[in-house]
Amino acid sequence: MKKTNNEWDGPFFKETQSTFERVAKAISLDENIALRLRVPERALIVSVPFRMDSGKVELVTGYRVQHNDTLGPYKGGLRYHPHVNLGEVAALAMMMTWKSAIIGLPLGGAKGGVAIDPIPLSRQELQRLTRRFTIEILNFIGPDSDVPAPDMGTNEQVMAWIMDTYSQQKGHSVPGVVTGKPIDIGGSLGRKEAPGRGVVYTIISAAEKIKMRLDSKIRVAVQGFGQVGAAAARKMEKIGCKVVAVSDVSGGVYNANGLRYDSMMAYLAQNKVLRGYPEGDFITNEQLLEIDCDVLIPAAIERVIHKDNARKLKCKILAEGANGPTTNEADHIIRDRGDIFVVPDVLANAGGVVVSYFEWVQDLQNLFWKEKEINHRLWEMMSDAFEKVYTTSQKEKVDMRTAALMVAIRKISTSMLTRGLYP
Ligand code: NAD
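Caption draft 1: Region of interest: the sheet that holds strand 3 (residues 74–81). Here we have five strands laid out as an open sheet, ordered 1-2-4-3-5, and mixed in their pairing. Whereas interior strands pair on both sides, the edge strands pair on one side only; in this sheet they are strand 1 (42–51) and strand 5 (146–150). Each strand of the sheet is rotated relative to its neighbour by a mean of 25°, with strand direction disregarded.

Caption draft 2: Highlighting the site of the ligand. Neighbouring the ligand are 22 residues, the closest being Arg 79, Asp 151, Gln 227, Val 249 and Asn 323. Backbone polar atom of Val 249 to an oxygen atom of the ligand: 2.9 Å apart, as the coordinates give it. Taking Gly 321, its main chain carries an N or O atom lying 3.5 Å from an oxygen atom of the ligand. Computed on the free molecule, the ligand has an accessible area of 830 Å², of which 85% lies beneath the protein chains in the complex. Partitioned by chemical class, the residues of the shell around the ligand number 10 nonpolar, eight polar and four charged.

Caption draft 3: Region of the structure containing the nonpolar core. Trp 98 and Ile 297 are the most contacted members of the largest nonpolar core, which has 96 residues in total. Top element by residues in this core is helix 3 (residues 86–103). It accounts for 13 residues. With residues up to four places along the chain from it excluded, the contact list for Ile 297 reads Val 199, Ile 203, Val 220, Ala 221, Val 222, Gln 223, Ala 232, Met 236, Ala 319 and Gly 321. By size, the runner-up hydrophobic cluster in this structure holds 26 residues, among which are Leu 121, Phe 133, Phe 140 and Ile 141.

Caption draft 4: Quick peek at the domain arrangement of the protein. Considered domain by domain, the protein is made up of domain 1 (41–173) and domain 2 (194–348). Relative placement of domain 1 and domain 2: their C-alpha centres are 27 Å apart. Facing 14 residues of domain 1, the contacting portion of domain 2 comprises 10 residues. Each partner contributes to the roughly 920 Å² buried at the junction of domain 1 and domain 2, and carbon and sulfur atoms together form 55% of this total. A salt bridge links Arg 79 to Glu 302, with the nearest nitrogen and oxygen atoms 3.1 Å apart. Where domain 1 packs against domain 2, one counts four residue pairs in polar contact (both at pLDDT 80 or more). With six residues, helix 3 is the largest single contributor of residues to the side of domain 1 that touches domain 2.

Caption draft 5: Expanded view of the environment of Leu 313. The residue Leu 313 is located in the loop between strand 10 (295–298) and strand 11 (317–319) in this model. The buried category is assigned to Leu 313, whose relative accessible area is 2%. A C-alpha to C-alpha distance of 7.3 Å links Leu 313 and Ile 291, two positions 22 residues apart in sequence. When near neighbours in sequence (up to four residues on either side) are disregarded, Leu 313 contacts Leu 289, Leu 296, Ile 305, Leu 318, Ile 334, Arg 337 and Ile 340.

Caption draft 6: Main features of the layout of surface pockets. One number sums up the size of the second largest pocket: a volume of about 510 Å³. If you go around the second largest pocket, you meet 16 residues; those closest to its centre are Arg 36, Met 416, Gly 420, Leu 421 and Tyr 422. Across the lining of the second largest pocket, the residue classes break down as six nonpolar, four polar and six charged.

Caption draft 7: Looking closely at the packing of aromatic side chains. Following the criterion strictly, the structure yields 11 aromatic pairs and no others. Taken together, the aromatic side chains of Tyr 357, Phe 358, Trp 360 and Trp 369 make up a single cluster linked through ring pairs. For Arg 377, the ring lying beneath its charged end belongs to Trp 369, and the centroid distance is 4.3 Å.

Caption draft 8: Seen up close, helix 13 (residues 371–396). The terminal C-alpha atoms of helix 13 lie 37 Å apart, and with 26 residues this matches the ideal 38 Å at 1.5 Å per residue to within 8%. Turning to helix 13, its buried residues number three or more, namely Ile 374, Asn 375, Leu 378, Met 382, Ser 383, Ala 385, Phe 386, Val 389, Tyr 390, Thr 392 and Ser 393. On its buried face, helix 13 sits against helix 3, helix 6 (194–209), strand 12 (341–343), helix 11 (345–348), helix 12 (351–365) and helix 14 (400–419). Lys 397 sits one or two positions beyond helix 13 and adopts a positive phi of about 55°.

Caption draft 9: Structural view of the pattern of salt bridges. Under the definition given, this model contains 28 salt bridges. Glu 21 serves as the salt-bridge partner of Arg 38, at 2.6 Å between the closest nitrogen and oxygen. With Arg 38 in the loop between helix 2 (31–37) and strand 1 and Glu 21 in helix 1 (residues 11–26), this residue pair connects regions lying 17 residues apart in the sequence. Residue classification places Arg 38 among the buried residues on the basis of a relative accessible area of 3%. Residue classification places Glu 21 among the buried residues on the basis of a relative accessible area of 17%. Overlapping salt bridges bring together Glu 320, Asp 331, Arg 335, Asp 345, Asp 399 and Arg 401 as one network.

Reading the values: rules and limits
- Residues numbered from 1 in each chain as written.
- Predicted model: local features only at pLDDT ≥ 70, side-chain atom pairs only at ≥ 80, totals over all residues.
- Heavy atoms only, no water.
- Pairing = 2+ DSSP bridges.
- Helix = DSSP H or I, 4+ residues; strand = E, 2+ residues; numbered from the N terminus.
- Axes fitted to C-alpha atoms, helices over the stretch in contact; angles between N-to-C directions.
- Near = heavy atom within 4 Å.
- Polar contact = N/O pair within 3.5 Å; in protein donor to acceptor, adjacent residues only side chain to side chain.
- Areas by Shrake-Rupley, 256 points an atom, 1.4 Å probe, with all protein chains shown as cover.
- Nonpolar A, V, L, I, M, F, W, Y, C, P; charged D, E, K, R; others polar.
- Core = buried A, V, L, I, M, F, W, Y, C linked by side-chain atoms within 4.5 Å.
- Buried < 20%, exposed > 50% of the residue type's maximum accessible area, 1.4 Å probe, protein only.
- Contact = heavy atoms within 4.5 Å.
- Domains from an automatic or database assignment.
- Buried area = accessible area lost by both parts, 1.4 Å probe.
- Salt bridge = Lys/Arg side-chain N within 4 Å of Asp/Glu carboxyl O.
- 1 Å grid on protein atoms, 1.4 Å probe; cavity = no way out; pocket = protein on both sides within 12 Å on 5 of 7 lines; lining within 4 Å.
- Points joined across faces, edges and corners; volume = space filled by probe spheres on them.
- Phe/Tyr/Trp six-rings, centres within 6.5 Å; stacked < 30°, edge-to-face > 60°.
- Lys NZ or Arg CZ within 6 Å of the ring centre and 35° of its normal.
- Expected span 1.5 Å × (residues − 1).

Laid out in structure tokens, this is it:
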């Protein structure tokens, strides 16, 4: 395969790219298509000045990377985290392309972010940062071209400020410019819980395949208690399983008898982080991953399952709520072990983009659906995609991650060949 310059360098991008190359080779992907897909189509790097409450001006770096739009407008989240960099955003943009294609959405893949820790910022500082970042990427985004959504460190409120800033510039309301907005300004019912709910839907499908009964004996561990992790923990509790461990950036908590979702949320509302939560024992994030459990849901950051702990995992199902939680080396070890059913990130956490797609469609049509309908359609799309990937894995005798990428790359490749190369 011909190589191009690698401006996107970084461990996460290199690994995401090498996974693509491994699968491209396995399916004998057309060389010209492979050349195009191994790097993003476009990237924008911006400097974002914004005023702190003290009056001082801070300058941070922001990114928007568009990987592929063969199937439809670019779609992907915006992350506020101190480690955000071009390589990370490019990797996540590529994964968004695969995700949309696996599910069968008429959307492409993009991602963006700002290298900043949002936690210490005041509400006003966060708002000024978000509005200025929106202006810097304004010509890059739009309901027909590129539609951002929440990701780590951003939320409904951040989406509302982006939507408002964009609309002010256009002179009229444009709700379809972002998804994951509050309901009262064009958000969709069910969007907030969708990524976590989708993770659980894939766990239900996986459990069926390995004949695991999801009852009160099933012990669940969740790393990351944010939008994805908390919603997944809640849904696992709702379907009758026992969530024995959860964690956030401050560390984790373990209780063999089960942790209570509502009580943890109440504690978080008061204390911002889980540290000090009284109804369990303190554990570290590393210990959480190695805990004796049936279902492990890493739903925080990337590269937490690596060569040093992959052999120590004790779960039977690993459902990747986060993007890229498993390094390639660890993935190899887990494949060799053969005793863990892996639901890869591009499938497991696709519920977010599915309901984002529903939100975008509702905004464009100005017609809103009931929550029951949304959850039902989400279930249908997630279980169809799961079945498609599982069938491919059986037919081609490959693991679920390889199968998921096979499904995605074949679909995009067929569409790219049909559309042809411009000019
Ligand atoms: P979030 O900001 O809502 O929550 C992140 C959680 O992880 C928080 O509890 C935080 O304390 C914890 N955390 C942060 N750094 C950590 C560390 N070093 N160790 C342990 N925990 C840490 O973010 P989110 O939106 O839930 O995103 C989590 C993951 O899920 C990311 O990989 C994201 O890309 C992915 N994802 C998010 C969505 C979405 O719609 N929000 C959709 C699909 C995938």
